[in-house]
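# What the coordinates show
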Amino acid sequence: MKENVSAVSPVSAPAPAGPQAPAPVGAGLDEPAPAATGPEALSRKAALAMKKARTALVLDHPFFGSLALRLRFKEDTACADMWTDGKSLGFNPAYAATLPEAKLVAAQAHEVMHLAFGHHLRRKGREEKLWNRACDLAINHILLEAGFDLPEGFAHDPTYAGMSADDIYEAL
């Protein structure tokens, strides 16, 4: 015995009875939602970019990614780009939100390499800016060899390839 079933799809089913809320303005399919602007939107965009970059770092470069997972993100509009103190990974939201993902991944790897090499513990009485430059030169050569796409303006000089930050500092 065959059962007679009406072929009504859920899309064409009648609307339930009773009062319904009006559709929100701009909820039509052809109307894009208004873009969020201002500092809050920049902060959200930067935080999302930082999370995506860290995820890519974990998946594509697990050594660097495992180090990055230990750091808490900290928005810092006073810095130019990024920094770390061993507990936090500070970032300027304007920098993080506008840098292409591959370069943001490399910037995060750069910061965790400072920690991996103990640069923050080995400075001792050395001049801070010169020590940081020596550390950057040592790190960036390694990152380039590992296939990272470093941000524009990064410190690199093949003369110092394979040298420690300590040796580079003395040479500078």
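Residues numbered from 1 in each chain as written. Predicted model: local features only at pLDDT ≥ 70, side-chain atom pairs only at ≥ 80, totals over all residues. Heavy atoms only, no water.

### Some remarks on the overall build of the protein chain
Inclusion rule: A helix here means a DSSP run of H or I that spans at least four residues, while a strand means a run of E at least two residues long, and both kinds are numbered starting from the N terminus. Burial classes: relative accessible area under 20% of the type maximum marks a residue as buried, over 50% as exposed, and values in between as partly exposed (1.4 Å probe, protein chains only). Throughout, a residue-residue contact means that at least one pair of heavy atoms, one from each residue, lies within 4.5 Å. Methods summary: accessible areas were calculated by the Shrake-Rupley approach with a probe of 1.4 Å, and residue burial reflects only the protein chains presented.
Each helix and strand in the protein chain was counted, giving seven helices and three strands. Counting across all 172 residues of the protein chain, residues that qualify as buried make up 34%. Of the contacts formed within the protein chain by residues at least 6 apart in sequence, a portion of 53% connects residues at least 24 apart. Summed over its atoms, the accessible surface of the protein chain is roughly 11,300 Å², and 57% of this surface lies on carbon and sulfur atoms.

### Quick notes on the environment of His156
Relative to the assigned elements, His156 resides in the loop between helix H6 (128–145) and helix H7 (165–171). Each C-alpha atom, one on His156 and one on Ala138, is 8.3 Å from the other, the two residues being 18 residues apart in sequence. Not counting chain neighbours up to four residues away, the residues in contact with His156 comprise Leu137, His141 and Leu144.

### A few points about the packing of aromatic side chains
The description of an aromatic ring pair uses the distance of the two centres, along with the angle that the planes make with each other. Inclusion rule: Classification of ring pairs rests on two measures: the distance between centres of Phe, Tyr or Trp rings, Trp counted by its six-membered ring, which must be within 6.5 Å, and the angle between planes, read as stacked under 30 degrees, edge-to-face over 60 and tilted in between.
The tally for this structure, following the rule as stated, stands at four aromatic pairs. With centroids separated by 5.4 Å and ring planes inclined at 75°, the aromatic side chains of Phe63 and Phe64 adopt a geometry described as edge-to-face. Feature note: the residues Phe63, Phe64 and Phe148 constitute an aromatic cluster, connected by ring pairs.

### Concerning the sheet that holds strand S3 (residues 88–91)
Rules: One bridge is not enough; two strands pair if DSSP finds at least two bridges between them. Between the N-to-C directions of two axes lies an angle of 0 to 180 degrees, each axis being a line fitted to C-alpha atoms and, for a helix, fitted only over the stretch in contact.
Spatial ordering of the open sheet is given by S1-S3-S2, a layout of three strands whose pairing is mixed. This sheet does not close on itself; its edge strands, each paired only once, are strand S1 (72–75) and strand S2 (82–84). This sheet shows a mean twist of 25° between the axes of neighbouring strands, independent of strand direction. Strands S1, S2 and S3 of the sheet are contacted by helix H1 (residues 39–60), whose axis makes an angle of about 150° with S1. Strands S1, S2 and S3 of the sheet are contacted by helix H4 (residues 101–116), whose axis makes an angle of about 25° with S2.

### Thoughts on the confidence of the model for the protein chain
Put simply, the rule reads: What pLDDT reports is the predictor's confidence in each residue, on a scale of 0 through 100.
On average, residues of the protein chain score 82 in pLDDT, and 78% of them reach the 70 mark or higher. Per-residue pLDDT, averaged within each element of the protein chain, yields its smallest value for helix H5 (residues 119–122) (83) and its largest for S1 (96). Within the model, pLDDT remains below 50 along residues 1–16, and this stretch shows two contacts once partners closer than five positions in the same chain are excluded. Every residue in residues 23–29 scores below 50 in pLDDT, and together they form one contact with partners more than four places removed in sequence or on other chains.

### What about the side chain of Ser88?
In this fold, Ser88 is placed in strand S3. Residues within four places of Ser88 in sequence aside, it is in contact with Leu71, Arg72, Lys74 and Trp83.

### Let's talk about the nonpolar core
Definition in use: Definition of nonpolar core: a set of buried residues of the types Ala, Val, Leu, Ile, Met, Phe, Trp, Tyr and Cys, connected through side-chain atoms within 4.5 Å.
Ranked by internal contacts, the top residues of the largest apolar core, which has 26 residues, are Met50, Leu57, Phe64, Met82, Leu104, Leu143 and Phe148. If you list the elements that add at least two residues to this core, you get H1, helix H2 (62–68), S3, helix H3 (93–98), H4 and H6. Setting aside residues no more than four positions away along its own chain, Phe64 makes contact with Leu57, Ala109, Val112, Met113, Leu143 and Phe148.

### Looking at the packing of H4 against H6
Basically, it comes down to this: When describing relative orientation, an angle under 35 degrees is termed roughly parallel and one over 145 degrees roughly antiparallel, while 65 to 115 degrees is termed roughly perpendicular and anything else oblique. Crossings are sorted by hand: turned counterclockwise from the far helix by less than a right angle, the near helix makes the crossing left-handed, and turned clockwise it makes it right-handed. Under this grouping Gly is polar, as are all residues other than the nonpolar Ala, Val, Leu, Ile, Met, Phe, Trp, Tyr, Cys and Pro and the charged Asp, Glu, Lys and Arg.
Interaxial distance between H4 and H6 falls to 10 Å at its minimum, and their mutual angle equals 120°. By the angle between their directions, the pair H4 and H6 is classed as oblique. The hand of the H4/H6 crossing is right-handed. Only Asn132, Cys135, Asp136, Ile139, Asn140, Ile142 and Leu143 of H6 make contact with H4, whose side of the interface consists of Ala106, Ala109, His110, Met113 and His114. For the contact of H4 with H6, the per-class residue count stands at seven nonpolar, four polar and one charged.

### Here we look at H4
Given 3.6 residues to a turn, an α-helix orients residues that are three or four positions apart in the same direction. Threshold: To estimate how far a helix should extend, the number of its residues minus one is multiplied by 1.5 Å.
Compared with an ideal rise of 1.5 Å per residue, which puts 16 residues at 22 Å, H4 spans 22 Å between its outermost C-alpha atoms and is within 8% of the ideal. The complete set of buried residues in H4 reads Lys103, Leu104, Val105, Ala106, Ala107, Gln108, Ala109, His110, Glu111, Val112, Met113 and His114. Directly after H4, the chain includes Gly118, whose backbone phi takes a positive value near 65°.

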